[in-house]
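What follows is each chain in one-letter form.
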Amino acid sequence: MQDFALLRHITIGQYLPGDSFVHRMDPRAKITVVLLLSLALTVNTSYLANILLLALCLGLIRAAGISLRYVLSGVRPALPFIIALSLMQLAFYGNPSVTSRLPVITFLRWGPIFITSSGLQLVLVSLARFVDLMILASILTNTTPLAHLAYGLEDMLKPFGRLGVPAQEISLIFILALRFVPILAEQLETLAKAQASRGADIGAGGRWRFWRTARAMLVLIVPLFLDAFRRAEELIVAMEARCYAGGRGRTRLVQLRMGWADGIAILICALLAVGFIWFRKSFPF
Amino acid sequence: MNGTDKLVRRVVTAGVLAAIAILLGATRLGFIPVPTPAGNATIMHVPAILGGIMEGPAVGGVIGLVFGIFSFFQATIPMFKDPFVAILPRIFIGITAWLAYVALRRLNEYLALVVSAAVGTLTNTVLVLGMAVWRGYMAPGVALTVGITHGLPEIVVAVIIVVAVVSAWKGLARRRHARL
Amino acid sequence: MDDILIRVEDLHFAYRAGEPDAVPALNGISLTIRRGEYVAIVGHNGSGKSTLARHFNALLLPTRGKVYVQDMDTSDPRHTLDIRRIVGMVFQDPDNQIVGTLVEEDVAFGPENLGVPQPALAQRVEKALQAVGLWELRHRPPHLLSGGQRQRVAIAGVLAMEPACLVLDEATSMLDPASRAEVLQVVRRLHTAGTTIIAITHFMEEAALAERIIVLAGGKIALEGSPQEVFSQRERLRELRLVPPTPAQLAEAVQARSGVAFSPLPLTREALVEAVHAHAVPLPAGGRP
Ligand SMILES: Nc1ncnc2c1ncn2[C@@H]1O[C@H](COP(=O)(O)OP(=O)(O)OP(=O)(O)O)[C@@H](O)[C@H]1O
Ligand SMILES: [Mg+2]
């Protein structure tokens, strides 16, 4: 039960106010930088490239004034799981495609188990990438209000409007989703309390009492959906009453502004990304 | 008037269902314990299936996108901190669910709902695991095992929820004449 | 006659009109709302209040009859957006009408839809938030506000479209008494400043604040007049299953016991206290009015 008690204060993508350079960057610039670096990360499997990229990401998080400990704080409970997955990755993936000029050493080959140096490289690179992406994600969600990310996305998608991409509508969907998470969380809390007072035991049970637990959850989830649909009907009328008729011709209160610094940041990251992608096979190790 | 009517309905339905997907991801409610080695069946993809069934592929796709983006940001294990695994596959959940639904709706409404829920769930399982293999997080054999132990209970749970929600909502709508 | 804002002529409306399961909701309503007026619409559940209200800004269109807003026919789609801008609507549950994740972004939603450019947009937002007394809270997320504050955000969202008329469909019914008083105070201020108010309510104390009350029953106008006129018709009200405001009931009880006739009938607490004073109704020793 106490699981649901604090739902109202649920936070998604905790914005940490601040005045760093990263905070002040235009959301569009941030999204671009993160996309470029993610792309570079995605295609590089060499040790050296990943060390460089990791250093770059660590530099960025430093510049944002957010501690690495905070960024990785969510990982701790998942640690056993991560280790287990990494061990499996190591044990069964003997033959991955990683770029390396180092000779491939086979450590162990026994039945389906096949451990090689390139398997090890894959595991280590995956972990480094994971840390990089935790940092990049945090740069977006911890230094920018989520609504501004939606507006940034909207402005970036606008040029594709001619191709039928409804940029403004997609951004409004994001905003509505953000707006309704706390409302539905509160509703869920109410539903959970009502069920608990009727003796349903949510959360207890465990997987061997599958049906009981599943039923207890279903009696919460189905009404939650119905409540959401009821709210949607009301919201549709309210939005029509406020003259909403699609994205065409709309203006926006929040205006994003690109500065010099944003342009330079994008340029540097673009050059880095191109470099990392172009030379991905040329790193010595 | 009718055109914008539909547009507003789509935008709002997508927003509200995406909110549920995010909420399910942020609470334990998104995972239903099952008696298989997998331990948990996720139902976070169900809003995308419902969106596809009720308002078509665009709505289903966008809900999947929003859900994917949030699961990417919230991920605390390497596999799901990869946009190819966390985001891309989710976009297709609502689309395949919609395809299955319109293909079978004429035949039988309930059959269409059941198949659509199953197809949407399979899309999620197969594409996510496929991507995980392709991106090197999982060996193919491991992925297959996970797919079966997770996939089957997830299909069962998704079918139950989809059928329950859609028939309850249509029943309510008929009784209250809620649909204008 | 250009001081008439809304003109309703023989309005009939049925949900799912033309289908076998059609639900007739309005059965021949004619009325006019003058500019600057404060009108309350009352009636028991299902009498058609919300259905009527939604005709005032083209959310519903007549099955038969006509509705004109500033002489624009609501069934003409070319006028839909103009009409919705002129007649703003506030609903019961603030949670289901607030769109933005921050107060100021929500208030901007209406004018954004109208295509109001900056800096006029920001000015409208500020003016609307000042009018409901929430300017200081403009950077808050709505879900962390009280119910009354949220409903004031919803009102500000409508005000930012600079409407001539505000329709409140049971806008206070989900609020606690303190929040309700907050919202009513805002409404009264807006009325004083010239906005036309149409308030749908189940609270007769609230209806008594209006200049005119329209009572609906079965999709028709059952009774219409000033609060004085309406609340004096005790028999008729009973038939319509409506209970006059508490002060009026008290006054009538006092009249019945003491034989003094209160005229006009006191409808608010203040008016009751005044009336009792004026008539110097003998009170038990030590009692205070
Ligand atoms: N969407 C709808 N579809 C079909 N019938 C409806 C719909 N909405 C309302 N009705 C019916 O129309 C009639 C008038 O409803 P309306 O909502 O206007 O009443 P109301 O006076 O606002 O009631 P309340 O005090 O409960 O808000 C009722 O009989 C109701 O059942
Ligand atoms: Mg009503």
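Note that the structure is a prediction, hence the values are computed from the model and not measured.

### Quick notes on the overall build of chain C
Stage number 1. Within chain C, the regular secondary structure consists of eleven helices and ten strands.
Stage number 2. For 289 residues, the compact-globule estimate of 2.2 N^0.38 gives 19 Å, and the C-alpha radius of gyration of chain C, at 21 Å, lies within 12% of that figure.
Stage number 3. The C-alpha extent of chain C, read off along each of the three principal axes, is 65 × 50 × 40 Å.
Stage number 4. A burial count over chain C gives 53% of its 289 residues as buried.
Stage number 5. On chain C, roughly 12700 Å² of surface is accessible, and the fraction owed to carbon and sulfur atoms is 51%.
Stage number 6. Here chain C holds 29 positive side-chain charges and 34 negative ones, and the gap between their average locations is 3 Å.

### A closer look at the interface of chain A and chain C
Stage number 1. Facing the 31 residues of chain A at the interface are 39 residues of chain C.
Stage number 2. Of the roughly 2900 Å² buried at the junction of chain A and chain C (both faces included), carbon and sulfur atoms supply 57%.
Stage number 3. Per-residue buried area on chain A facing chain C is highest for Arg179, Arg242 and Leu253 of chain A; these three make up 30% of the total on that side.
Stage number 4. Across the contact surface, chain A and chain C share four salt bridges.
Stage number 5. The shortest N-O distance in the salt bridge between Arg250 of chain A and Glu112 of chain C comes to 2.6 Å.
Stage number 6. On the surface where chain A and chain C come into contact, there are 14 residue pairs in polar contact (both at pLDDT 80 or more).

### Concerning the interface of chain B and chain A
Stage number 1. Listed as interface residues are 65 residues of chain B and, on the opposing side, 67 residues of chain A.
Stage number 2. Between chain B and chain A, roughly 5900 Å² of surface is buried when both sides are summed, and carbon and sulfur atoms account for 83% of that area.
Stage number 3. Counting across the chain B and chain A interface gives one salt bridge.
Stage number 4. For Glu233 of chain A, the salt bridge is made with Arg9 of chain B, and the minimal N-O distance between the two is 2.9 Å.
Stage number 5. Where chain B touches chain A, the interface holds two residue pairs in polar contact (both at pLDDT 80 or more).
Stage number 6. At the level of elements, helix H1 (2-26), strand S1 (31-33), helix H2 (46-55), helix H3 (57-74), helix H4 (83-86) and helix H7 (140-176) of chain B are the ones that each hand at least two residues to the side of chain B that touches chain A.
Stage number 7. Ranked by residues supplied to the side of chain B that touches chain A, first place goes to H1 of chain B with 17 residues.
Stage number 8. Grouping the constituent residues of the side of chain B that touches chain A by class yields 49 nonpolar, eight polar and eight charged.

### Description of the sheet that holds strand S7 (residues 165-169) of chain C
Hydrogen bonding along the main chain pairs the strands of a sheet, whether they run parallel or antiparallel.
Residue and element names in this part refer to chain C.
Stage number 1. In space, the six strands of this open sheet follow the order S6-S7-S8-S3-S9-S10, with mixed pairing throughout. Taken across any chain shown, the strands that pair with only one partner, and hence form the sheet edges, are strand S6 (87-90) and strand S10 (220-225). Here the strands of the sheet are splayed against their neighbours by 20 degrees on average, with no regard to which way each runs.
Stage number 2. Pairing geometry for strand S9 (residues 212-217) and S10, over five bridges, is antiparallel. Looking at S10, one finds that Ile213 is bridged to Gly225.
Stage number 3. Sheet contacts for helix H5 (residues 147-159): S6 and S7; angle to S6, the most-contacted strand, approximately 165 degrees.

### Description of the sheet that holds strand S2 (residues 23-34) of chain C
Residues and elements named next belong to chain C.
Stage number 1. Read from one edge to the other, the open sheet built from four strands follows the order S2-S1-S4-S5, with strand pairing classed as antiparallel. Single-partner strands in this sheet number two, and they are S2 and strand S5 (72-73).
Stage number 2. Note that strand S1 (residues 4-15) and strand S4 (residues 64-69) share five bridges and pair antiparallel. Within S4, the residue paired with Ile6 across the bridge is Val69.

### A look at the nonpolar core
Stage number 1. In terms of nonpolar packing, the biggest core is built from 125 residues, with Leu184, Phe225 and Met239 of chain A together with Val12, Ile161 and Val162 of chain B touching the most fellow members.
Stage number 2. Tallying contributions element by element places helix H9 (residues 167-197) of chain A first for this core, with 16 residues.
Stage number 3. Built from parts of two domains, this core gets at least three residues from each of domain 1 (11-144 + 259-285) and domain 2 (164-254) of chain A.
Stage number 4. Every residue in contact with Met239 of chain A, bar those within four places of it in the chain, is listed here: Leu172, Leu176 and Tyr244 of chain A, Val8 and Val12 of chain B together with Val99 and Phe109 of chain C.

### With respect to the pattern of salt bridges
Stage number 1. What the rule picks out here adds up to 32 salt bridges over all chains.
Stage number 2. Residue Asp227 of chain A is joined to Arg231 of chain A by a salt bridge in which the shortest nitrogen-to-oxygen separation is 2.9 Å. With Asp227 of chain A and Arg231 of chain A both in helix H10 (residues 210-241) and four residues apart, this pair spans about one turn of that helix.
Stage number 3. Each of the salt bridges in this network shares a partner with another, and the network as a whole consists of Asp227, Arg230, Arg231 and Glu234 of chain A together with Asp93 of chain C.

### Some thoughts on the packing of aromatic side chains
Stage number 1. For the coordinates displayed, the defined rule picks out six aromatic pairs over all chains.
Stage number 2. On the basis of an interplanar angle of 20 degrees and a centroid distance of 5.7 Å, the ring pair of Tyr244 of chain A and Phe109 of chain C is categorised as stacked. Of the two residues, Tyr244 of chain A is situated in the loop between H10 and helix H11 (260-278) and Phe109 of chain C in helix H3 (residues 103-113); the pairing between them involves two chains.
Stage number 3. What makes Tyr244 of chain A buried here is its relative accessible area of 2%.
Stage number 4. Where Phe276 of chain A meets Phe283 of chain A, the ring centres are 5.9 Å apart and the plane angle is 20 degrees; that geometry is what we call stacked.
Stage number 5. Judged by its relative accessible area of 8%, Phe276 of chain A is buried.
Stage number 6. Look at Phe283 of chain A and you get buried, because its relative accessible area is 14%.
Stage number 7. Above the face of the Trp135 of chain C ring, Arg138 of chain C is positioned so that its terminal group lies 3.9 Å from the ring centre.
Stage number 8. In this structure, Arg180 of chain C packs its charged tip against the face of Phe203 of chain C, placed 3.7 Å from the ring centre.

### Examining helix H10 (residues 246-258) of chain C
Residue pairs spaced three or four apart in an α-helix point in one direction, given the helix's 3.6 residues per turn.
Residue and element names in this part refer to chain C.
Stage number 1. Compared with the 18 Å implied by 1.5 Å per residue over 13 residues, the 18 Å span of H10 between its first and last C-alpha is a close match.
Stage number 2. Turning to H10, its buried residues are Pro247, Ala248, Ala251 and Glu252. Viewed end-on, H10 has its buried residues packed into an arc of 135 degrees, placing them on one side of the element. Among the exposed residues of H10, those pointing more than 90 degrees away from its buried face are Ala256 and Arg257.
Stage number 3. Where H10 is buried, its residues touch helix H7 (204-207), helix H8 (227-232), helix H9 (234-239) and helix H11 (269-279).
Stage number 4. In the segment just after H10, Gly259 is the residue with positive phi, at about 85 degrees.

### Looking at the domain arrangement of chain A
Stage number 1. Segmentation of chain A into domains returns domain 1 (11-144 + 259-285) and domain 2 (164-254).
Stage number 2. Put simply, the middle of domain 1 of chain A and the middle of domain 2 of chain A, counted by C-alpha atoms, are 33 Å apart.

### Things to note about the side chain of Glu154 of chain B
Residues and elements named next belong to chain B.
Stage number 1. Among the structural elements, Glu154 can be located in helix H7.
Stage number 2. No salt bridge is formed by the buried Glu154; the nearest opposite charge belongs to Arg90, separated by 7.9 Å.
Stage number 3. Each residue touching Glu154, except ones within four places of it in the same chain, is listed here: Asn40, Ala41, Thr42, Thr121 and Thr125.

### Comments concerning the environment of Thr172 of chain C
Residues and elements named next belong to chain C.
Stage number 1. Within the secondary structure, Thr172 is located in the loop between S7 and helix H6 (177-192).
Stage number 2. Sequence separation between Thr172 and Asp95 is 77 residues; the distance between their C-alpha atoms is 13 Å.
Stage number 3. The residues contacting Thr172, other than those within four sequence positions of it, are Arg180, Val183, Leu184, Phe203 and Glu206.

The rules we used
- Residues numbered from 1 in each chain as written.
- Chains lettered and ligands numbered in written order.
- Predicted model: local features only at pLDDT ≥ 70, side-chain atom pairs only at ≥ 80, totals over all residues.
- Heavy atoms only, no water.
- Helix = DSSP H or I, 4+ residues; strand = E, 2+ residues; numbered from the N terminus.
- Rg over C-alpha atoms; globule rule 2.2 N^0.38 Å.
- Buried < 20%, exposed > 50% of the residue type's maximum accessible area, 1.4 Å probe, protein only.
- Areas by Shrake-Rupley, 256 points an atom, 1.4 Å probe, with all protein chains shown as cover.
- Lys, Arg positive; Asp, Glu negative; His and termini not counted.
- Charge placed at Lys NZ, Arg CZ, Asp CG, Glu CD.
- Contact = heavy atoms within 4.5 Å.
- Buried area = accessible area lost by both parts, 1.4 Å probe.
- Salt bridge = Lys/Arg side-chain N within 4 Å of Asp/Glu carboxyl O.
- Polar contact = N/O pair within 3.5 Å; in protein donor to acceptor, adjacent residues only side chain to side chain.
- Nonpolar A, V, L, I, M, F, W, Y, C, P; charged D, E, K, R; others polar.
- Pairing = 2+ DSSP bridges.
- Axes fitted to C-alpha atoms, helices over the stretch in contact; angles between N-to-C directions.
- Core = buried A, V, L, I, M, F, W, Y, C linked by side-chain atoms within 4.5 Å.
- Domains from an automatic or database assignment.
- Phe/Tyr/Trp six-rings, centres within 6.5 Å; stacked < 30°, edge-to-face > 60°.
- Lys NZ or Arg CZ within 6 Å of the ring centre and 35° of its normal.
- Expected span 1.5 Å × (residues − 1).
- Arc of directions from axis to C-beta.

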